[in-house]
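Okay, here's what each chain looks like letter by letter:
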Amino acid sequence: MTTIGDVARLAGVSRSTASNVLSGKKSTSPEIQERVRRAVEELGYTPNAGARALATAQTQVIGLLAQFFEDEFAPAMLQYILGVSNTARELGYDILLVSEPDGARALKRITDSRMVDGVVLLNVADRDDRLEVLRAAEQPGALVGLPADPRHLDVFDLDFAEAGRLMVEHLARLGHRELLLVSQPEHVVERGGAYVWRLADAAAEEAELRDVRLHAIFGSSHQPDVGRDLHAALDAHPGVTGLLVNNEAAAAALPAVLRERGLTSPQDMSVIGRYSDEFARTFSLPFSSIESAPDRLGQMAVRQLVRRIESAAGRTEPHVVRFISPELVDRGSTAAPPTGAR
């Protein structure tokens, strides 16, 4: 088995210098770094995780707590997981994915046993029972999603309230006076999915301000149910000329629903969704959308977490709550309402 000593000998440096290059704990010259990296590549060296943990009191593992709920669209959740795991890998950390239903108990187990150096939480509820466990843990934690009480934790999220206002504002400026908002299933709200009501409440306020009628429904997260939900809502509100879609399953089903109704976008119906560009490409969605930025949010959370793990300054600096401002990606699915629309 190749050791750090073998790497040091081939690179022509001391064992401690080779270790410093690989750990990044101390700065070394670019020339020495390149020699050590070439030696690592030539020898196929992989650090021993157990030895590293004993030497540094670190595991180089980040715990990622996420769940795949039946009432949420799994492909959307996968994008957040990839955002976290890809950034962790770039920074030299592995991911321990924990998806147990009892998230608080699982979190306490992995932090008490020091299986991880820090934790990222997904599926953050408004009043999340994992938060007190994480606050009590010695390891730092970062959240993708804003809870009601973010004290002593780093939080990263899309500004969903501003996203709701932007969606309504954009269509109102084009002349639309009757809109339909399709949100996540009602169970998501009941479970504490605050992002749903943050967007919906802000959209309703903006609609009232601009004298726009806004109808709101909860859509399913599965086909064919979500297709039926869309048809029923459009049947119930024939005057709607614009759709706001805060539900990835509904967005994926919408092209077929519009075809079945003989409608085109934007000629008959303007559409704005809320999902990532990658999601739009995966499902060939032609609709303009608010970029949900799961990769960027995961990157921000992991980078802040690693800063707290590895830096003395990072461990003591104030905790942050940071929002990504909504960005409207124009794919040509919005225009003035059709002539004669109410």
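A brief report on the enclosed structure follows. Quick caveat: nothing in here was measured; it's all calculated off a predicted structure.

### Some words on the overall build of the chain
- For the chain, the helix and strand inventory stands at 15 helices and 12 strands.
- Along the longest, intermediate and shortest principal axes, the C-alpha atoms of the chain span 80 × 40 × 35 Å.
- Counting over 342 residues, the chain shows a buried share of 50%.
- Restricting to contacts in the chain with at least 6 residues of sequence separation, those with at least 24 account for 70%.
- Roughly 16400 Å² of accessible area belongs to the chain as shown, and the carbon and sulfur atoms make up 51% of that amount.
- Averaging the locations of the 37 positively and 47 negatively charged side chains of the chain gives two centres separated by 6 Å.

### Points about the pairing of strand E1 (residues 61-65)
- Burial analysis of E1 places five of its five residues in the buried class, the great majority of the element.
- Burial along E1 is two-sided: Val61, Gly63 and Leu65 and Ile62 and Leu64, pointing in opposite directions, are all buried.
- When E1 meets strand E2 (residues 94-98), the two strands line up parallel, connected through five bridges. Pairing of Gly63 across the sheet is with Leu96, part of E2.
- Since E1 and E2 lie parallel, the crossover through helix H5 (residues 74-90) that links them has a hand, and here it is right-handed.

### Quick word on the pattern of salt bridges
- Throughout the structure, instances matching the rule amount to 25 salt bridges.
- Two residues, Arg210 and Glu206, come together in a salt bridge whose shortest N-O distance is 2.6 Å.
- Owing to a relative accessible area of 26%, Arg210 belongs among the partly exposed residues under this scheme.
- Residue Glu206 is classed as buried on the basis of its relative accessible area, which comes to 10%.
- One salt-bridge network, held together by shared partners, links Glu132, Arg135, Asp149 and Arg151.

### Structural notes on helix H10 (residues 194-209)
- Its 16 residues place the ends of H10 23 Å apart at the C-alpha level, agreeing with the 22 Å of an ideal helix rising 1.5 Å per residue.
- Among the residues making up H10, those that are buried are Ala194, Tyr195, Val196, Leu199, Ala200, Ala202, Ala203, Glu206 and Ala207.
- In the segment just after H10, Asp211 is the residue with positive phi, at about 60°.

### Concerning the sheet that holds E1
- Read from one edge to the other, the open sheet built from six strands follows the order E2-E1-E3-E4-E5-E11, with strand pairing classed as parallel. The open sheet has two edge strands, E2 and strand E11 (321-324), and neither has a second partner. Neighbouring strand axes in the sheet, compared pairwise and without regard to direction, differ in orientation by 20° on average.
- The strands that helix H6 (residues 103-112) touches are E1, E2 and strand E3 (118-121); relative to E1, the one it contacts most, it runs at about 175°.

### Overview of helix H12 (residues 248-260)
- Under the 1.5 Å per step criterion, the end-to-end length of H12 is 19 Å for 13 residues, consistent within 8% with the ideal 18 Å.
- A maximum bend of about 45° is found in H12 at Leu254, where proline Pro255 lies one to four positions downstream.
- Close packing links the buried residues of H12 with H5, strand E6 (178-183), helix H11 (225-236), strand E8 (242-245), strand E9 (270-274) and helix H13 (277-282).
- Residue Asn247 occupies the N-cap position of H12, its side-chain oxygen lying 3.0 Å from the main-chain nitrogen of Ala249.
- Note on H12: the residue one or two positions beyond its end, Gly262, has a positive phi of about 70°.

### Digging into the sheet that holds E9
- If you trace the six strands from one edge of the open sheet to the other, you get E7-E6-E8-E9-E10-E12, paired in mixed fashion. Whereas interior strands pair on both sides, the edge strands pair on one side only; in this sheet they are strand E7 (213-218) and strand E12 (328-329).
- Bridge count for E6 against E8 is four bridges, and the pairing is parallel. Its bridge partner lying in E8, Leu180 is registered against Leu243.
- Relative to E9, helix H8 (residues 160-173) is tilted by about 170°, and along the sheet it contacts E6, E8, E9, strand E10 (288-290) and E12.

Cut-offs used in this document
Residues numbered from 1 in each chain as written. Predicted model: local features only at pLDDT ≥ 70, side-chain atom pairs only at ≥ 80, totals over all residues. Heavy atoms only, no water. Helix = DSSP H or I, 4+ residues; strand = E, 2+ residues; numbered from the N terminus. Buried < 20%, exposed > 50% of the residue type's maximum accessible area, 1.4 Å probe, protein only. Contact = heavy atoms within 4.5 Å. Areas by Shrake-Rupley, 256 points an atom, 1.4 Å probe, with all protein chains shown as cover. Lys, Arg positive; Asp, Glu negative; His and termini not counted. Charge placed at Lys NZ, Arg CZ, Asp CG, Glu CD. Pairing = 2+ DSSP bridges. Right-handed = clockwise from strand over helix to strand, strands pointing away. Salt bridge = Lys/Arg side-chain N within 4 Å of Asp/Glu carboxyl O. Expected span 1.5 Å × (residues − 1). Axes fitted to C-alpha atoms, helices over the stretch in contact; angles between N-to-C directions. Bend = angle between axes of the 7 residues up to and from the residue. Polar contact = N/O pair within 3.5 Å; in protein donor to acceptor, adjacent residues only side chain to side chain.

Purely geometric numbers; function is a separate question.
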